[in-house]
Amino acid sequence: MSMATLGVPTLETLVSAAVAAPSIHNTQPWRFRLDPDTVTLEIRAAADRGLRHIDPTGRALYLSVGCAVLNLRVAAAHCGFEPVTRLLPRPEEPDLLATVRLAGAARSTGPYRLYDALWRRHSSRFPFSERPVPGQVFTEMIEAAQIEGARLSRPTPLETERLLRLTRAAEHRTTADADRAAESRHRAHGPRPALGMAPQALGPQDYRNRIPMRDFGAHRHPAVLAARPFETRPEVAVVSTAHDRRTDWLRAGQALEHVLLVATAHGVRTSLLHQALEWPDLRERLTPQSAGRDRAQMVIRLGYGPEGPASPRRAASQVLTDRSVPSSG
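Residues numbered from 1 in each chain as written. Predicted model: local features only at pLDDT ≥ 70, side-chain atom pairs only at ≥ 80, totals over all residues. Heavy atoms only, no water.

### Things to note about the overall build of the protein
Point 1. Broken down by element type, the protein carries ten helices and ten strands.
Point 2. Since a compact globule built from 329 residues should have a radius of gyration of about 20 Å, the 19 Å found for the protein is in line with a globular shape.
Point 3. Dimensions of the protein, computed from C-alpha atoms along their principal axes, come out at roughly 60 × 45 × 35 Å.
Point 4. Relative to its full complement of 329 residues, the protein shows a buried share of 57%.
Point 5. For the protein, the exposed area adds up to about 13,700 Å²; of that, 51% sits on carbon and sulfur atoms.
Point 6. Looking at the protein, you have 44 positive and 34 negative side-chain charges, and the mean spots of the two groups are 2 Å apart. (Helix = DSSP H or I, 4+ residues; strand = E, 2+ residues; numbered from the N terminus. Rg over C-alpha atoms; globule rule 2.2 N^0.38 Å. Buried < 20%, exposed > 50% of the residue type's maximum accessible area, 1.4 Å probe, protein only. Areas by Shrake-Rupley, 256 points an atom, 1.4 Å probe, with all protein chains shown as cover. Lys, Arg positive; Asp, Glu negative; His and termini not counted. Charge placed at Lys NZ, Arg CZ, Asp CG, Glu CD.)

Here it is as structure tokens:
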């Protein structure tokens, strides 16, 4: 395709769709640049928005960028383009995590029918009902993860209890760790309104202490935390990959977002239980038996309940760098 085909409004729509992706602590750790010669969008890591204590390896940052890449692919196909994606395309530029070239007319809608869900998806950290997620919805989510080169496992009730215990242990560790607690607290009450967690989106704690929702304050006494009864039979799923390289993290992010968009399209609410993944010894124990020797990349809580408030997002103009403005149209 040519630059004349793209146009400023379409470029801003594509970037806004990417920015709508979830990211750890809503850090939005990405930057975008358009290469006008090849009509390619570059997605780069914004290292200054990384979490040095909570995410020292950058794995969660890569997952976040992977989610943005999936959204960009969905939006590109919706706008009529064929998105051609490359992960880690230039070893000499380590901050360049992916490129999406707009190669011409889209050949098929494929997974990209989820465009409407892209704008409606956001985490709900509120109690869900006891209504189970239908098996056919889980099957579609499993297929979504497979399309992106990852696995989605549905743990048994006993495995679910084990995963929740590991997540509770991780939450207690994080709250007791001064550096991690301060980092989490800063992201919940940061100075920039378009970044970090909005107070109204944090949600309550489970007063039964079965479902370990993250305390983004990470310094408050449990007695003063708002608490409500959560579901008694929580449903979770685990995204995993066969390997644990940087490309696997990016693929896992795309798989995660594809799963979340499928869930959203079916009216299923989701929230992410990432705490145990932040401690290497606990992460080693997260993979369900059905996933074999895979490496866990994310734990998702699913159910039916309130939509929950959306967290803020930066505008497309704030994340486009070295911008080459295409012609209007």
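### Overview of the sheet that holds strand β8 (residues 235-241)
Point 1. The strand order across the open sheet built from four strands is β5-β8-β10-β9, with neighbouring strands paired in antiparallel fashion. Each edge of the sheet is formed by a strand with only one pairing partner; in this case those strands are β5 (151-153) and β9 (269-272). Averaged over all pairs of adjacent strands, the angle between strand axes in this sheet comes to 30°, irrespective of strand direction.
Point 2. Here four bridges tie β9 to strand β10 (residues 295-303), and the two strands are oriented antiparallel to one another. Its bridge partner lying in β10, T270 is registered against L302.
Point 3. Along the sheet, helix α5 (residues 135-147) contacts β5, β8 and β10; its crossing angle with β5, the most-contacted strand, is approximately 150°. (Pairing = 2+ DSSP bridges. Axes fitted to C-alpha atoms, helices over the stretch in contact; angles between N-to-C directions. Contact = heavy atoms within 4.5 Å.)

### Quick look at the packing of helix α3 (residues 59-78) against helix α8 (residues 246-265)
Point 1. Here α3 crosses α8 at 55°, and the two axes come no closer than 7 Å. Here α3 lies oblique to α8, going by the angle between them. Note on packing geometry: the crossing formed by α3 with α8 is right-handed. Between α3 and α8, the residues in contact are R59, Y62, L63, V65, G66, C67, V69, L70, N71, R73 and V74 and R246, W249, L250, A252, G253, Q254, L256, E257, H258 and L261, respectively.
Point 2. Tallied by class, the residues present in the contact of α3 with α8 amount to twelve nonpolar, five polar and four charged. (Parallel < 35°, antiparallel > 145°, perpendicular 65-115°, else oblique. Left-handed = near helix turned anticlockwise from the far one by under 90°. Nonpolar A, V, L, I, M, F, W, Y, C, P; charged D, E, K, R; others polar.)

### Describing helix α2 (residues 8-19)
Point 1. Here α2 is twelve residues long and its end C-alpha atoms lie 16 Å apart, about the 16 Å a rise of 1.5 Å per residue gives.
Point 2. All buried positions along α2 are accounted for by V8, T10, L11, L14, V15, A17, A18 and V19. (Expected span 1.5 Å × (residues − 1).)

### Some details on the environment of L286
Point 1. One can find L286 in the loop between α9 (280-283) and β10.
Point 2. Setting aside residues no more than four positions away along its own chain, L286 makes contact with R162, L163, L166, V238, A276, L277, A296 and V299.

### Structural notes on the sheet that holds strand β1 (residues 30-35)
Point 1. Judged by pairing direction, the sheet is antiparallel, and its four strands sit side by side in the order β1-β2-β4-β3 without closing on themselves. A strand with exactly one partner marks an edge of an open sheet, and here the two such strands are β1 and β3 (81-87). The sheet shows a mean angle of 20° between the axes of neighbouring strands, direction not considered.
Point 2. Alignment of strand β2 (residues 40-45) against strand β4 (residues 96-105), held across five bridges, turns out to be antiparallel. Looking at the pairing, I43 lines up with A98 of β4.
Point 3. Of the strands in this sheet, β1, β2, β3 and β4 are in contact with α3, which crosses β4 at around 5°.

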